[in-house]
Amino acid sequence: MAILVGSDTSVICQGMTGRAASYHIERAMAYGTKVVGGVRPGKGGTRHLDVPIFDSVREAVSQTGATASIVFVPPANAADAMIEAIEAEVPVVVCVTERVPVLDMVRVKDALEGSKTHLVGPNSQGILTPKACKLGVMATAHERPGSIGIVSRSATLTSEVVAQTTAAGLGQSTTVGIGGDPVHGIGFVECLELFMDDPETKGVILIGEIGGAGEEMAADFLKSSKASKPVVALVAGRHAPPERRMGHAGTLTLFGRADANHKIKALRSAGVQIAPNSSQVAETMRQSLNNLSA
Amino acid sequence: MNLHEYQAKDLLSGFGVPLPAGDVAQSSSAAQNVARRLPGERYVVKAQVQAGGRGRAGGVKIVDSVAEVRQAAEDLLGQTLVTEQTGPEGRSVRAVYVEEAIASERDIYVAVLVDRQSGRVALIGAKQGGEDIEERAAANPSIIHTLLLKPDGVPVKGTFPAFAKKIGLTGPLSAKAVKLFEGLISAFLKNDASLIEINPLAVTASNDLVALDVKMVIDDNALFRHPEMRNFRDRDELDPVELQAQENEINYVRMDGDIGVVVNGAGLALATHDMLSDVGGVPANFMDIRTTATSLDIAAGFDLLLSNPNVAAVLVNVHGGGMQRCDTIAEGIGISMKRNDRTVPLVVRFAGNNADYGHTLLRNYGIAYTEAQDMGDGIERVVALVRPEAA
């Protein structure tokens with residue numbers, strides 16, 4: 001089962017003929033991801049990495065029946081590429097591109113309203129359902145099919161937690177990197193909803209950090225929902241100097257909110273177990289699952 | 001990119017936003033010349049630093065003659081201004097803005113920004129502006145009114161006149177407020193701003209609106225669309241070390257501890273700082289090596305650590321991903337250690353993509369270091385190096 005992507009997901013890549021895209025798509029194919037085509041305006045009719053290239057997403061979808069797209073288009077055109085995929089009603093779209101202008105994402109967000117697409121990103125490492133589908137650029141070595149859903153704003157912390165959950169014998173159902181940009185596609189709440197409905201997922205790990213209000217929104221959602229699966233959270237940035245921009249475009253505080261302690265308090269009040277630090281995330285989840293069965 | 005007040009006012013004047021007459025000056029005599037051209041007999045001389053809280057810090061002076069403008073400019077220029085947003089080191093004042101003083105009957109707060117929660121541009125405002133707006137809004141969020149906008153700047157629901165009324169702009173002020181909102185929003189969208197803040201927006205005795213102070217931030221990611229802004233960045237406002245790092249695809253923040261930190265990814269970097277601080281370690285810097293950094297970029301970033309005399313030991317905590325691998329980072333460290341005379345005790349934790357190859361490269365460079373088994377081990381070892389008494 002898992003969420004968003006699985007072994008039956010057929011994938012196209014927008015901007016497939018670029019160097020970075022070629023590198024990562026080749027690896028995704030080797031991983032076993034069903035890549036069925038690529039999109040590159042002007043190169044329709046050619047082939048790349050042994051799959052057909054189309055001029056438009058609509059054409060690629062109608063010819064291949066693709067159910068997911070990964071966008072590797074440079075920042076200036078990334079928003080148009082995302083909107084093209086949304087208009088072609090591609091169910092799952094991941095955008096890897098970093099540094100997309102925020103007002104472009106405002107346009108994308110508007111296009112998403114009422115659409116059938118789950119957008120992940122931009123500035124996302126993507127989605128990984130172990131041994132089934134890699135719709136992203138993450139390294140794969142430590143992931144194992146299993147029962148823990150991971151949703152994260154940070155790529156490197158996701159790798160940490162994937163390795164930990166595997167070592168703890170838990171494995172992962174799916175990992176989703178929602179990206180660190182201020183305006184992005186699906187967030188913690190949508191991923192929590194999907195994980196709660198997924199029978200394979202027994203627990204969810206949420207990896208947050210300072211900035212924005214995503215963790216507080218997740219807490220509000222968990223309070224109001226009848227979600228019964230254990231949720232463990234790591235919130236990075238308890239010791240970040242206040243009011244400094246820390247790398248992601250998103251970590252800017254507005255009106256005093258968004259600091260780590262505020263987020264931790266909100267999540268704790270929603271029944272979320274807080275991992276004491278990034279080394280003990282899987283252990284915290286293991287204990288939560290044990291308490292459940294005890 | 002933060003703009004100076006004078007740059008922001010210059011931009012907004014093209015969008016029908018009412019502003020006091022004024023100009024920028026880099027010397028006291030230039031300030032005096034600006035004042036001579038201005039209407040009225042009262043003037044405001046304002047330090048041009050990119051930080052809020054200037055008024056409370058003495059960076060804004062109201063004077064009654066051209067001679068006093070000269071004196072005020074002389075006092076401010078070259079001074080280091082410390083406000084609640086500059087940090088204790090403050091900012092040096094290299095320009096002043098001289099403008100006609102406007103008598104305000106009441107101060108309003110208006111801003112345009114990107115609302116992260118809805119993913120929309122939002123017009124926000126409050127009946128009462130002033131430098132304490134953040135504290136008041138934090139204590140009572142209901143004083144802030146919000147109008148969400150579609151990508152073309154039209155309200156999603158509600159109207160500009162209704163919004164104007166909520167922040168106390170009614171009667172003859174309503175139409176003027178709507179014109180101001182439309183100008184601000186248009187300036188925001190056309191210039192790829194991420195923030196325009198008018199605080200305060202003055203209501204005068206003659207029922208006019210005047211934007212007394214403006215803060216404007218341009219989205220760095222959109223600068224490729226604005227070649228006209230290429231010269232707007234005031235490099236003197238930035239820390240030279242952090243600027244050097246930025247040019248090498250590294251996010252770097254100077255801090256005052258003794259443990260140099262090398263990490264890839266902002267999230268892992270924040271988590272590393274949390275773990276270090278929990279056991280009494282004090283980081284000398286924040287470092288997030290971007291996925292796009294080459295080994296030469298990383299070497300330049302490591303040079304910055306080695307050039308900081310406070311650094312007593314360095315912790316490398318890298319989780320190689322699909323885009324930034326351990327070997328690239330090892331090569332960068334190797335290049336830097338070879339070309340610098342200084343050596344520091346080094347604790348290295350590599351995990352993920354090409355971790356073993358990273359260690360092989362470091363050994364081939366002939367670098368002595370301690371290999372950490374995992375993140376917790378690395379943290380313990382580096383703290384033990386700088387605080388043997390605590391270990």
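Counting secondary structure elements, chain A contains nine helices and 14 strands. A globule of 294 residues ought to have a C-alpha radius of gyration of about 19 Å, and chain A, at 19 Å, matches this closely. The principal-axis extents of the C-alpha atoms in chain A amount to approximately 55 × 40 × 30 Å. Residue burial in chain A is summarised as follows: out of 294 residues, 59% are buried.

What follows covers the environment of N364(B). Residue and element names in this part refer to chain B. Its location among the elements puts N364 in helix α11 (residues 355-364). Take N364: its relative accessible area is 61%, and that puts it in the exposed class. For the pair N364 and V98, spaced 266 residues apart in sequence, the C-alpha separation works out to 61 Å.

For an interface, size is often stated in terms of accessible area lost upon the parts coming together. All names here are of chain A. Along its sequence, chain A is carved into domain 1 (7-123) and domain 2 (141-294). A separation of 26 Å is found between the C-alpha centroids of domain 1 and domain 2. With 13 residues of domain 1 at the contact, the number on the domain 2 side is 14 residues. Across the interface of domain 1 and domain 2, roughly 1,000 Å² is buried in total on both sides, 57% from carbon and sulfur atoms. For domain 1, the biggest contributors to the area lost against domain 2 are H118, V120 and N123; these three give 39% of the whole. Our count for the contact surface shared by domain 1 and domain 2 stands at zero salt bridges.

On the side of chain A, 55 residues touch chain B, which itself brings 57 residues to the contact. With both chains or domains summed, chain B and chain A bury close to 4,300 Å², and 58% of this area falls on carbon and sulfur atoms. Inspection of the region where chain B meets chain A yields six salt bridges. There are 13 residue pairs in polar contact (both at pLDDT 80 or more) connecting chain B and chain A. Grouping the amino acids of the side of chain B that touches chain A by side-chain chemistry returns 24 nonpolar, 18 polar and 15 charged.

Okay, the packing of helix α8 (residues 266-278) of chain B against helix α12 (residues 375-386) of chain B next. Residue and element names in this part refer to chain B. Here α8 crosses α12 at 50°, and the two axes come no closer than 10 Å. With respect to each other, α8 and α12 are oriented oblique. Pair α8 / α12 crosses with right-handed handedness. Where α8 abuts α12, its residues L268, A271, T272, M275 and L276 lie against M375, G376, I379, V382 and V383. Class assignment of the residues belonging to the contact of α8 with α12 gives a composition of eight nonpolar, two polar and no charged.

Here we take up the pattern of salt bridges. Evaluated as defined, the whole model comprises 35 salt bridges over all chains. Between R47(A) and D50(A) there is a salt bridge, and its shortest N-O distance comes to 3.9 Å. Relative accessible area serves as the criterion here: at 54%, R47(A) is assigned to the exposed category. The exposure class assigned to D50(A) is exposed, which follows from its relative accessible area of 63%. K46(B) serves as the salt-bridge partner of E99(B), at 3.2 Å between the closest nitrogen and oxygen. Note that E99(B) is positioned in strand β6 (residues 96-100) and K46(B) in strand β2 (residues 43-47), a separation of 53 residues in sequence. In terms of burial, E99(B) and K46(B) fall into one category: buried.

About the cut-offs
Residues numbered from 1 in each chain as written. Chains lettered and ligands numbered in written order. Predicted model: local features only at pLDDT ≥ 70, side-chain atom pairs only at ≥ 80, totals over all residues. Heavy atoms only, no water. Helix = DSSP H or I, 4+ residues; strand = E, 2+ residues; numbered from the N terminus. Rg over C-alpha atoms; globule rule 2.2 N^0.38 Å. Buried < 20%, exposed > 50% of the residue type's maximum accessible area, 1.4 Å probe, protein only. Domains from an automatic or database assignment. Contact = heavy atoms within 4.5 Å. Buried area = accessible area lost by both parts, 1.4 Å probe. Salt bridge = Lys/Arg side-chain N within 4 Å of Asp/Glu carboxyl O. Polar contact = N/O pair within 3.5 Å; in protein donor to acceptor, adjacent residues only side chain to side chain. Nonpolar A, V, L, I, M, F, W, Y, C, P; charged D, E, K, R; others polar. Axes fitted to C-alpha atoms, helices over the stretch in contact; angles between N-to-C directions. Parallel < 35°, antiparallel > 145°, perpendicular 65-115°, else oblique. Left-handed = near helix turned anticlockwise from the far one by under 90°.

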